[in-house]
Amino acid sequence: MSAIAADVEARRVLALRPEPAERLDSPYTISKDLYTALRHVLHDVGGQPDTPVLYTDPKELDWEMRTYVTCECLAWRGHWNAEERRRRENDLGATQYFGLPYYARWATVAAKMLVDKGLVTPDELSAKLDEVRSRRDGS
Amino acid sequence: MTKFNVGDRVTVRDATSMFHTRTQMYVRGRTGVVVSHRPEWVIPEDEAWGRENGRKEPFYVVRFRQTDLWPSYAGSDVDTLETEESERWLMPAGKEEGQ
């Protein structure tokens, strides 16, 4: 099989990734087994069935490295540690955990940690984001 | 002071995890061999909540045979997997939970 054909095949297989079959919409009751499954720590994915994923190795972007350094500096200044960051990433829930790009997950939990610990307020964060948005949009 | 020596056979406890843990589901109840010691560190169950002065324990690198972890493992019998666990998650192999 040529490299291109293999690539096409891998993408096709990737598109066949099974959809979750059980719809959960705040059920009135659940089984003990479901409760156990729901409590499972998200990052513990070893052994879960999946289909092949294409290996890509994109270059890190500036915002990603700035996010990384910011998170490390917050640890250096004693506001959290890597394990707490991982726990907070898990606590985002499956949709955000698997939906956000890797460093967007870091940035999200860093912001929530700063709010949780009273270092910034949601209002201050919102105001800063609006300031950055208007600078970006030139308005 | 470490409870287990290199070469000891250990079984990973299948304790209930409330919220954060690093002990993978696929090693629980499985038996492996201690292959090296790691320095004492705060256990993840404390560190994850910002308790950096939490309980410190020795960590162990435990080697499992892949065929012991995955019932339908299709690779070679000699394949192994190594992972680290804190002391609280390990018990001597052959000793049933609760004894």
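Okay, so let's go over this structure. (Residues numbered from 1 in each chain as written. Chains lettered and ligands numbered in written order. Predicted model: local features only at pLDDT ≥ 70, side-chain atom pairs only at ≥ 80, totals over all residues.)

1. Thoughts on the overall build of chain B
Next, step 1: Assigned secondary structure in chain B consists of two helices and five strands.
Next, step 2: Start at the N end of chain B and walk to the C end: the helices and strands fall as β-β-α-β-α-β-β.
Next, step 3: Taking 2.2 N^0.38 as the reference for a compact globule, 99 residues should give roughly 13 Å; the C-alpha atoms of chain B span a radius of gyration of 14 Å, in line with that estimate.
Next, step 4: In terms of principal-axis extent, the alpha carbons of chain B reach across some 45 × 30 × 25 Å.
Next, step 5: Within chain B, the fraction of its 99 residues that count as buried is 23%.
Next, step 6: In chain B, the proportion of contacts linking residues at least 24 apart, taken out of those at least 6 apart, comes to 56%. (Helix = DSSP H or I, 4+ residues; strand = E, 2+ residues; numbered from the N terminus. Rg over C-alpha atoms; globule rule 2.2 N^0.38 Å. Buried ≥ 20, exposed ≤ 12 C-beta atoms within 10 Å, placed from the backbone. Contact = placed C-beta atoms within 7 Å.)

2. Here's the deal with the overall build of chain A
Next, step 1: Secondary structure assignment for chain A yields seven helices and zero strands.
Next, step 2: In sequence order, chain A lays out its α and β elements as α-α-α-α-α-α-α.
Next, step 3: The C-alpha atoms of chain A give a radius of gyration of 20 Å, which is well past the 14 Å a tight globule of 139 residues would have.
Next, step 4: Considered along the principal axes of its C-alpha atoms, chain A spans approximately 50 × 50 × 35 Å.

3. A short note on the interface of chain B and chain A
Next, step 1: Contacts between the two partners involve 13 residues from chain B and, on the opposite side, 12 residues from chain A.
Next, step 2: Residue classes in the side of chain B that touches chain A are distributed as six nonpolar, five polar and two charged. (Nonpolar A, V, L, I, M, F, W, Y, C, P; charged D, E, K, R; others polar.)

4. A closer look at the nonpolar core
Residues and elements named next belong to chain B.
Next, step 1: Within the largest apolar cluster, 10 residues are counted, these being Val-10, Val-12, Val-27, Val-34, Phe-59, Tyr-60, Val-62, Phe-64, Trp-89 and Leu-90.
Next, step 2: For this core, the secondary structure elements donating two or more residues are strand E1 (9–12) and strand E3 (56–65).
Next, step 3: For this core, the leading source of residues is E3, giving four residues. (Core = buried A, V, L, I, M, F, W, Y, C linked by C-beta atoms within 7 Å.)

5. Remarks on unusual backbone geometry
Next, step 1: With phi around 50 degrees, Ser-26 of chain A is a residue other than glycine that occupies positive phi space.
Next, step 2: The residue Ser-26 of chain A is located in the loop between helix H1 (3–15) and helix H2 (32–39) in this model.
Next, step 3: Residues other than glycine seldom take positive phi values, yet Phe-19 of chain B does so here, at roughly 65 degrees.
Next, step 4: Within the fold, Phe-19 of chain B resides in the loop between E1 and strand E2 (31–42).

6. Observations concerning helix H4 (residues 82–90) of chain A
Next, step 1: For H4 of chain A, the complete set of buried residues consists of Glu-83, Glu-84, Arg-85, Arg-87, Arg-88 and Asn-90 of chain A.
Next, step 2: Residues of H4 of chain A that are buried make contact with helix H3 (62–76), helix H5 (94–99) and helix H6 (102–116) of chain A together with helix H1 (44–47) of chain B.

7. Description of the sheet that holds E3 of chain B
Residues and elements named next belong to chain B.
Next, step 1: With antiparallel pairing, the five strands of this open sheet are ordered in space as E4-E3-E2-E1-E5. Looking at which strands have only one partner, the edges of the open sheet turn out to be strand E4 (80–86) and strand E5 (90–92). Averaged over all pairs of adjacent strands, the angle between their axes in this sheet comes to 40 degrees, without regard to strand direction.
Next, step 2: By the bridge criterion, three bridges tie E1 to E2 in an arrangement that is antiparallel. By the bridge assignment for E2, Thr-11 is matched with Thr-31. (Pairing = 2+ DSSP bridges. Axes fitted to C-alpha atoms, helices over the stretch in contact; angles between N-to-C directions.)

8. Focus: H1 of chain A
Next, step 1: The end-to-end C-alpha distance of H1 of chain A, which contains 13 residues, comes to 18 Å, matching closely the 18 Å that a straight helix rising 1.5 Å per residue would cover.
Next, step 2: In terms of residue burial, H1 of chain A counts as a barely covered element, since only zero of its 13 residues are buried. (Expected span 1.5 Å × (residues − 1).)

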